[in-house]
Amino acid sequence: MRNNSRFAHVQTFDIDRVAAAAGADPDVLRMENLDTDVPPPPNAVTATAQALATGQGNSWLPFNGLPVLREALAADLRERTGHDYDPARQIVVTSSGTAAVMPVLLATTEPGQRVVLTDPTYAGLLQRVRLAAARPHLVPLRVDGGMWRLDRDALARVTEAAAIIMMSPSMPAGVVLTHEDWTAVAEACERLDAYLIYDAAMERIVFDGHPRINPCRVDGLAGRTIIIGSMSKEYRMIGWRIGWVAGPADILSRVLTAVTYNTTVAGGFAQIGAAVALSEPSGVAEAVAEYQARHEAVVRQLDGLPLVRAAGGWSCLVDAEELGLGARELSDRLLARGRIAATPMTAWGDEVARRYVRLVYSNEPVKRLSELRDRFAAALA
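Residues numbered from 1 in each chain as written. Predicted model: local features only at pLDDT ≥ 70, side-chain atom pairs only at ≥ 80, totals over all residues. Heavy atoms only, no water.

(A) Highlighting the environment of Val185. Checked against the element boundaries, Val185 lands in helix H7 (residues 179-192). Residue classification places Val185 among the buried positions, given a relative accessible area of 0%. Once residues within four sequence positions are removed from consideration, Val185 is found in contact with Leu155, Ile164, Met166, Leu196 and Leu221. (Helix = DSSP H or I, 4+ residues; strand = E, 2+ residues; numbered from the N terminus. Buried < 20%, exposed > 50% of the residue type's maximum accessible area, 1.4 Å probe, protein only. Contact = heavy atoms within 4.5 Å.)

(B) How the structure looks around the sheet that holds strand E10 (residues 307-308). If you walk across this open sheet you meet the four strands as E10-E11-E14-E13, and the pairing is antiparallel. A single partner strand is all that each edge strand has here, and the edge strands are E10 and strand E13 (343-344). In terms of strand pairing, E13 meets strand E14 (residues 356-360) through two bridges, oriented antiparallel. In the strand pairing of E14, Thr343 is matched with Arg358. (Pairing = 2+ DSSP bridges.)

(C) Spotlight on the packing of aromatic side chains. For the structure on display, the rule yields six aromatic pairs. Each ring, one from Tyr291 and one from Trp314, has its centre 5.2 Å from the other, and the planes form 55 degrees; the classification is tilted. In this pair, Tyr291 is assigned in helix H10 (residues 284-301) and Trp314 in the loop between E10 and strand E11 (315-319), connecting sequence segments 23 residues apart. Trp314 carries the same exposure label as Tyr291, and that label is buried. Among the aromatic residues, ring-to-ring pairing joins Phe13, Tyr122 and Trp348 into one connected group. (Phe/Tyr/Trp six-rings, centres within 6.5 Å; stacked < 30°, edge-to-face > 60°.)

(D) Quick peek at helix H9 (residues 268-279). Over its twelve residues, H9 extends 17 Å from the first C-alpha to the last, a length consistent with the 16 Å expected when each residue adds 1.5 Å. Buried-residue contacts for H9 involve helix H2 (42-54), helix H3 (67-81) and strand E2 (91-94). (Expected span 1.5 Å × (residues − 1).)

Treat this as a map of the structure, not an account of what it does.
Set out below in structure tokens:
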């Protein structure tokens, strides 16, 4: 049997391995996966339940998503980007934000073409680039002043790419791109004639003092940008599995074709709940404040250890090599000795990522996170 080159370099998340090892032990701090105990918007829960009870949305149609959701998304995108998106031609609803990535890659790249990502990056982006038969080209994030920064000089040295994938705040590092970063991205897209694929799943989960900049507001990017969004992070609606793609109409027609013949359509019940969450107050600001409090608790508890602060998002990283360990070894010791489930970043980039272990603070309250110092000490003893 012939090997399939698409799978030759695809790696596992390692999340599932750590989760399985942790089992259902209530004593374990669950910091391995992007789950959250912060509840979803009550109005979205009510609307979804009502849709289920009345049979609304129990259909395969329309393939690009319910009009009520696409119209709500157009209004939300107008506020975020400053641009108008045609709900019928420029927005496609998908079965989660991650399910949108492959259709977008198929619509913007050919086999063998390069796609630029950061190192570290979300493994779900990196591995999908490989599955699409494109070639990842990783631009490092660097630690400067205790926080992550985009290596703009490395980005300027890229000589070939069909697309650049950026996320701000990013997973897993929590880097928030500045206006200067986005200007460098715009210059690279122009020079390379590349699309920008912008993962906006955490755009509003930004902590105090850091900018929240949508790239479509930066000169030269609006016409090149394909936005991938999701209800999972900002709205805490992980189980709804609702995402979307927005961008130029010609690209979105291709995206719709790929979505239609891949996942067909997201669940209509969940789409109705998502539309309500987008259209009414949904507690985003309050959730962001809670995540920031949890992040600060992690930083305080691990003071003196090689932790890199996040500027936003749901996770931050600890440098295992600075502790004299490999990332997999630190992850194993944290679980076995410290009862902390944490994922090694071995599949989340290259030379930079593989040094680190990710700590997700979205699923553990501040009170439980106050145990981190003692648990880390036990793991490192």
